[in-house]
Amino acid sequence: MKKLTAKFQNIGGYISIAVFALMVVYALGMATPAAACRLYQDTIDFYDQIMPYNNGILLFGIFGLLIAAFYFVLKNNTRIIYYISNFVWHGINTVFTLVASIFTFVGVGIYQNAYGALPFEAMNEYWSIRADTTINPNPAVFALGYILGVLVLLSLVPHILVLVDKIQHRIRYENNKLNGVANPVSYDPKEAK
């Protein structure tokens with residue numbers, strides 16, 4: 001378990017950066033299947049319903065990238081004993097990531113419901129005459145959104161494992177200091193027996 005948590009500690013920031021970068025990319029392409037709605041008169045206001053969720057996912061992705069960058073600024077990837085700032089980062093990251101994941105699920109669900117209510121037959125007839133194209137009533141963007149929400153949620157697992165390990169390290173460190181151990185950081189009473 002120690003090797004796994006050490007590996008997760010080294011790559012945890014990269015995992016967060018990758019997940020939130022995917023969130024930004026997804027948000028930039030999220031509304032693409034509904035692009036024809038901007039030119040179809042009966043659905044011209046469709047974007048007004050989904051853009052707050054699209055923009056919210058984009059903002060969550062951008063702020064998530066900033067929070068993930070602080071993983072390295074606070075040296076969470078190298079510290080043997082975590083300080084208060086490291087634990088605070090883990091708390092902020094955990095709450096933010098949970099909220100981002102939930103918002104992604106809700107936003108994609110609302111977008112899917114609004115998109116599913118569009119008059120596809122009339123729209124496809126309109127576009128087949130003008131642009132020789134059709135609009136897909138079931139694009140992959142919704143499945144990708146749900147997969148993204150799951151990935152964002154799963155990105156917490158390495159951080160939680162590292163956090164539990166670092167809490168144990170911190171408790172052992174404080175006990176070693178109280179007991180007057182010369183090197184309280186690396187001394188483990190279990191290994192000394």
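See the structure above.
### Digging into the pattern of salt bridges
Summed over all chains, the structure comprises one salt bridge. Of the charged contacts, one joins E174 and R170 as a salt bridge, the two residues approaching to 2.8 Å between their closest N and O atoms. With E174 and R170 both in helix α6 (residues 156–178) and four residues apart, this pair spans about one turn of that helix.

### Some thoughts on the packing of helix α1 (residues 2–29) against helix α5 (residues 141–154)
Close contact between α1 and α5 brings their axes to 10 Å; oriented N to C, the two are set at 160°. With respect to each other, α1 and α5 are oriented roughly antiparallel. Both α1 and α5 take part in a crossing whose hand is left-handed. Judged by residue contacts, V19, L22, M23, Y26 and G29 of α1 engage V141, L144, G145, L148, L151 and V152 from α5. Across the contact of α1 with α5, the residue classes tally to nine nonpolar, two polar and no charged.

Calculation criteria
- Residues numbered from 1 in each chain as written.
- Predicted model: local features only at pLDDT ≥ 70, side-chain atom pairs only at ≥ 80, totals over all residues.
- Heavy atoms only, no water.
- Salt bridge = Lys/Arg side-chain N within 4 Å of Asp/Glu carboxyl O.
- Helix = DSSP H or I, 4+ residues; strand = E, 2+ residues; numbered from the N terminus.
- Axes fitted to C-alpha atoms, helices over the stretch in contact; angles between N-to-C directions.
- Parallel < 35°, antiparallel > 145°, perpendicular 65-115°, else oblique.
- Left-handed = near helix turned anticlockwise from the far one by under 90°.
- Contact = heavy atoms within 4.5 Å.
- Nonpolar A, V, L, I, M, F, W, Y, C, P; charged D, E, K, R; others polar.

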